[in-house]
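The lines below spell out each chain.
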Amino acid sequence: MKAASTPDPTAFDPVRLIEDHQAGVWRYLRALGCESNLADDLTQETFLAVLQRPFEDYNPAATAAYLRRTAYNALVSFQRRAKKVTTVENIDELNQNWESWAGDDNGEELVDALRRCLAVLSDRARLALELRFKERASRETIAAALEMSEDGAKNLMQRAKKTLRECIESKLQ
Amino acid sequence: MNDKLDDPIIDACLDEVLGGQSPPDLTSRILLAWNHLGSNAAAPASSASWPSDVAASSTQQPTAAIQLRKPKAVVNSRREASPWLAIAASIAIVGLGSAIVWVVWDATEQRIQRSNQIVAPEAQPQPSPMAPSPFPESIADNSRDPHREPQAPVIEVAPNNSLVIDPLPVTEEQVQTTAVNIPDERPTPLTDEQIVRAINELMRNNWISGGITPAMPVADDEWCRRVHLKLIGREPSQKELAAFVESRAARKREELVDLLLQGETYIEEFAGHWSRTWSDILLASGDKRASREGIEQYLRRAFGQGQPFNETTSELLTATGSSTIGDANYNGATNFLVAHSDPEGGYAQATAHVSRTFMGLSLECSQCHVDSTWSGNEQQRFWELNAFFQQLKIDRNRDRRSLVSDADAEYADGETYYTLPDGLVRAAYPVFVDGTEIPRDASVEKVNRRDLLAKLVTRSEQFRQAMANRFWAELFGVGFTIPADNIGPHNPPSHPELLAKLGGQFAAHDYDVRALIRWIALSEPFALSSGDVATHDQIGAKLAFDHFPQAKSTRGPVLSQLRVAQEAYASYVSQSGVNSTPARVTPTITPGVIPMELSAVDKLLATVAAEARQLSRSTVYGNYILDSDMSIEQKIQHMFFATLHRAPSASEQKAVAEVLGSSSSPGSEKTALEYIWWALASSQEAR
């Protein structure tokens, strides 16, 4: 990716650029903590920012990295405007993980791996995550459903996520 | 931003896998916004353009732009001032004071001038601002009228609760009201035959002028299948198909359409199909707190009873009560606003969805920036429309229940605030897209803004044309615009005259959905074959409807689909342990010759698995066959006739036997049949 002094209008296809990379940008923004609506908006801002500048599409990986950087900048800009504190504490680590897990396929394989890894979890752990992410249940509700304390529910979900992470790492190696 | 980020990537993926929050297709939206930006830089907007003129009718608020107060927290980033403005403001702080003095003085002068106009209204006779006219004409008329702005009417609520209209926005002591209702003028209804003839003539004229030769008409069997799918959402049964094809009645197509639309035996299927279709539309990109079951239930009743669509729309816009089935004050119609409610964002989403869904006006981009491609007033227009929602109240609790009600607006005039690109915060008062103002009273008892909005929307030209376009799109797979919910000079309809005619007659026939569908289904374009698909369906091209648009897909031949089904079913058996002999997943099943990566195969199989059950169970006939007491052989025969209108060939029988042979458990045969149904229904031949 580099700035081009004389942009060639035929050098890239904006529709293809968007279609090829929008899912990756959107997922990356979600991983940065954006709600889906904000991810929609910032994905749009990202592509608008890129499309307004001349650039050359060297290869998909470079373009994806460039788009992620632009997306991150869009998020930072949003947070500054909204006077919000950045919630991603270790952006470098997140970027590194994202690069290794989802850097070249928009995160498709990552999502696929997670789907398969859910089978590894115990029934209770899977139920807890389903209540949390599918039903949007509060920790209190999850704890009640599993007949355990709220701290217990929290620990259960954290352990489940850790298991998922390890499983994903093994599958994506 | 969410609050559960102990492992952000895993959390985001779980949200997607378990919560269903998958990446949306934003291509059209981004390209549209890009197009606006590009046009912006290239040239100023034409004064004759539609949104420009419509927006020009919006009454300016000369004093509002200098209000720097920001009385409530604004979460939406697009409503926030740019950070550099704070620096600029501090540098220019000395000059700002004098500027404010000047602007206030200037605004006062303008008010005085307006007051002078008000006290002598007879000096400027005002044409009716609500005179009905199709989009293009009214746009052109407005653009040529330099006095359009002060013509914006103000509707007041008289003591007897009737609506009265004032020709100008004025202060209390200046009110001069004239009693009028929001007009609901409709053209003279034509007969069904006249309307169908008009569609055909307008289409043919278009073909002739464009030198286009339409595709050949389809045979009876294909037309029968198409009309079943489009009107009631399922394939015809073998018996229904045979009866239609063998009929010698001269008007058998009309009779079949009438039967599917009006026949008692089809009411449930008609209502079910259209309630599912409209639930998809109304809940698209919506919050998961909304109950799909609730809104489907509501719509099923509305479509089943033949409720005029303007009434349905009004009920959706004005609904109050609980969105949850089983609650004492349950009202399924509330789920539309619940799906798009963002109380913390000032209901910007609700504004955008109402505008787009019911008027074909895509104003999302306008909420955050001035779009001079259109008018320079789009942002103001968006927030003026948003002001209609300032009495809307949606209470949510943790168990996904939402309660919709109306309450007095937060501020005295019920205004909403937004940020201009230059950082100024501006107030917006309720003004409809055609420039009609309503009183600024915040009290629900005095002025119920959602009630008025529902009347203004459903009596607007935009509504009737947007709905005609939407139903046309549902029957053809593509509307007069792409997408169907975005109409304007930036995206003009391919057949403006026809769209205006259909919209007008839809209104003239009391927004009778069945009548509108009947006209479209009996039109000549609906009966054309798909023709050479390769030469058609270019996105962005104006569709001539000289062929029946065919959905793009990666569907394969029946045999190929059956092989995919076999692999998918074998994978299912292997994973679920239905069969004691795990099947091997071969990474070479494919529509193509290139071996696929294992993950891609897994994804394909997962998709097939999800679609298999959905496809087979989404139709009455699918359920009937799968649950019947017929033998496996009979079921297979029926499935072939239901989807392909023919018996299976020898090679297909062999492939079917291989799918069934993947299971040794009798109980799992039904699942195998679901996969076979998927293969048949998703084959190229089934389209």
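Every value quoted in this text rests on a predicted model; they were computed, and no experiment measured them.

With respect to the overall build of chain A
Broken down by element type, chain A carries eight helices and zero strands. For chain A, with 173 residues in total, the buried portion stands at 38%. Considering only intrachain contacts with a sequence separation of at least 6, the fraction spanning at least 24 residues in chain A is 70%.

Examining helix 15 (residues 348–359) of chain B
Residues and elements named next belong to chain B. Between its first and last C-alpha, helix 15 extends 16 Å over 12 residues, near the 16 Å set by a 1.5 Å rise per residue. Extensive coverage of helix 15 is indicated by the burial of 12 of its 12 residues. Every buried residue belonging to helix 15 is among A348, Q349, A350, T351, A352, H353, V354, S355, R356, T357, F358 and M359, and all of these are buried. Just downstream of helix 15, G360 is the residue with a positive phi angle, here 65 degrees.

Topic: the environment of L361(B)
All names here are of chain B. Structurally, L361 can be placed in the loop between helix 15 and helix 16 (378–386). Here L361 falls in the buried class, since 27 other C-beta atoms lie within 10 Å of it. Among residues more than four places away in sequence, those in contact with L361 are S355, R356, V433 and Q462.

Quick notes on the nonpolar core
Soluble globular proteins tend to pack their nonpolar side chains together in the buried interior. Core analysis: the largest hydrophobic core is formed by 97 residues, its most contacted members being I517(B), I520(B) and A521(B). If you tally residues by element for this core, the top one is helix 18 (residues 461–476) of chain B, at seven residues. Every residue in contact with I520(B), bar those within four places of it in the chain, is listed here: F471(B), W472(B), L475(B) and F526(B). Counting 51 residues, the second-largest nonpolar core is a separate cluster that includes L29(A), A39(A), L42(A) and A128(A).

Quick look at the environment of L231(B)
Residues and elements named next belong to chain B. Of note, L231 is situated in helix 8 (residues 220–232). Looking at L231, the number of C-beta atoms within 10 Å reads 24, which means it is buried. Sequence separation of L231 and L475 is 244 residues, and the distance between their C-alpha atoms is 7.8 Å. Setting aside residues no more than four positions away along its own chain, L231 makes contact with L260, L261, F270, I517 and A521.

A look at the sheet that holds strand 4 (residues 321–322) of chain B
Residues and elements named next belong to chain B. One open sheet holds the three strands; their spatial order is 4-6-5, and the pairing between them is antiparallel. The sheet terminates laterally at strand 4 and strand 5 (392–396), the two strands that pair on one side only. As defined by bridge partners, strand 5 adjoins strand 6 (residues 402–406) across five bridges and the pair is classed as antiparallel. If you follow K393 over to strand 6, its bridge partner there is S405.

Section: the packing of helix 25 (residues 650–661) of chain B against helix 26 (residues 669–681) of chain B
Residue and element names in this part refer to chain B. At their nearest, the axes of helix 25 and helix 26 sit 9 Å apart, and the two run at 140 degrees to each other. The angle between the axes of helix 25 and helix 26 places the two elements in the oblique class. For the element pair helix 25 and helix 26, the recorded crossing hand is right-handed. The residues of helix 26 that touch helix 25, namely those facing V656, V659 and L660, are E669, A672, Y675 and I676. Here the contact of helix 25 with helix 26 is built from residues that sort into six nonpolar, no polar and one charged.

Quick notes on the confidence of the model for chain B
Residues and elements named next belong to chain B. The predicted model of chain B has a mean per-residue pLDDT of 71, with 62% of residues at 70 or higher. In this model residues 39–180 is a low-confidence stretch, pLDDT under 50, and it forms 191 contacts with partners more than four residues away in sequence or in other chains. The low-confidence segment residues 578–600, where pLDDT is below 50, has 37 contacts with residues more than four positions distant or belonging to other chains. Complex prediction metrics read pTM 0.50 and ipTM 0.88.

What about unusual backbone geometry?
Residue and element names in this part refer to chain A. In this structure, R136 takes a positive phi of about 60 degrees despite not being glycine. Tracing the backbone shows R136 in the loop between helix 6 (123–134) and helix 7 (139–146). R136 gets classed as partly exposed once you count the C-beta atoms within 10 Å, which come to 16. Positive phi is not limited to glycine here, since E147 has a value of about 55 degrees. By the secondary structure assignment, E147 is in the loop between helix 7 and helix 8 (150–172). You can call E147 exposed: it has 9 C-beta atoms within 10 Å.

Overview of the confidence of the model for chain A
Per-residue confidence for chain A gives a mean pLDDT of 82; residues scoring 70 or more make up 87%. Segment residues 1–7 of chain A: pLDDT under 50, and 14 contacts once partners within four positions in sequence are set aside and those in other chains are kept.

Quick look at the packing of helix 18 of chain B against helix 20 (residues 513–521) of chain B
Think of two packed helices as two axes; the pair is described by the angle between the axes and how far apart they sit. Residue and element names in this part refer to chain B. With their axes 10 Å apart at the nearest point, helix 18 and helix 20 run at an angle of 50 degrees to one another. On the basis of their axis angle, the class for helix 18 and helix 20 is oblique. Viewed along their axes, helix 18 and helix 20 form a crossing whose handedness is right-handed. Residues A468, F471, W472 and L475 of helix 18 lie in contact with helix 20, whose contacting residues are L516, I517, I520 and A521.

Things to note about the pairing of strand 6 of chain B
In terms of strand pairing, strand 4 of chain B meets strand 6 of chain B through two bridges, oriented antiparallel. Looking at the pairing, G321(B) lines up with V404(B) of strand 6 of chain B.

Cut-offs and rules
Residues numbered from 1 in each chain as written. Chains lettered and ligands numbered in written order. Predicted model: local features only at pLDDT ≥ 70, side-chain atom pairs only at ≥ 80, totals over all residues. Helix = DSSP H or I, 4+ residues; strand = E, 2+ residues; numbered from the N terminus. Buried ≥ 20, exposed ≤ 12 C-beta atoms within 10 Å, placed from the backbone. Contact = placed C-beta atoms within 7 Å. Expected span 1.5 Å × (residues − 1). Core = buried A, V, L, I, M, F, W, Y, C linked by C-beta atoms within 7 Å. Pairing = 2+ DSSP bridges. Axes fitted to C-alpha atoms, helices over the stretch in contact; angles between N-to-C directions. Parallel < 35°, antiparallel > 145°, perpendicular 65-115°, else oblique. Left-handed = near helix turned anticlockwise from the far one by under 90°. Nonpolar A, V, L, I, M, F, W, Y, C, P; charged D, E, K, R; others polar. pLDDT = per-residue confidence, 0-100.

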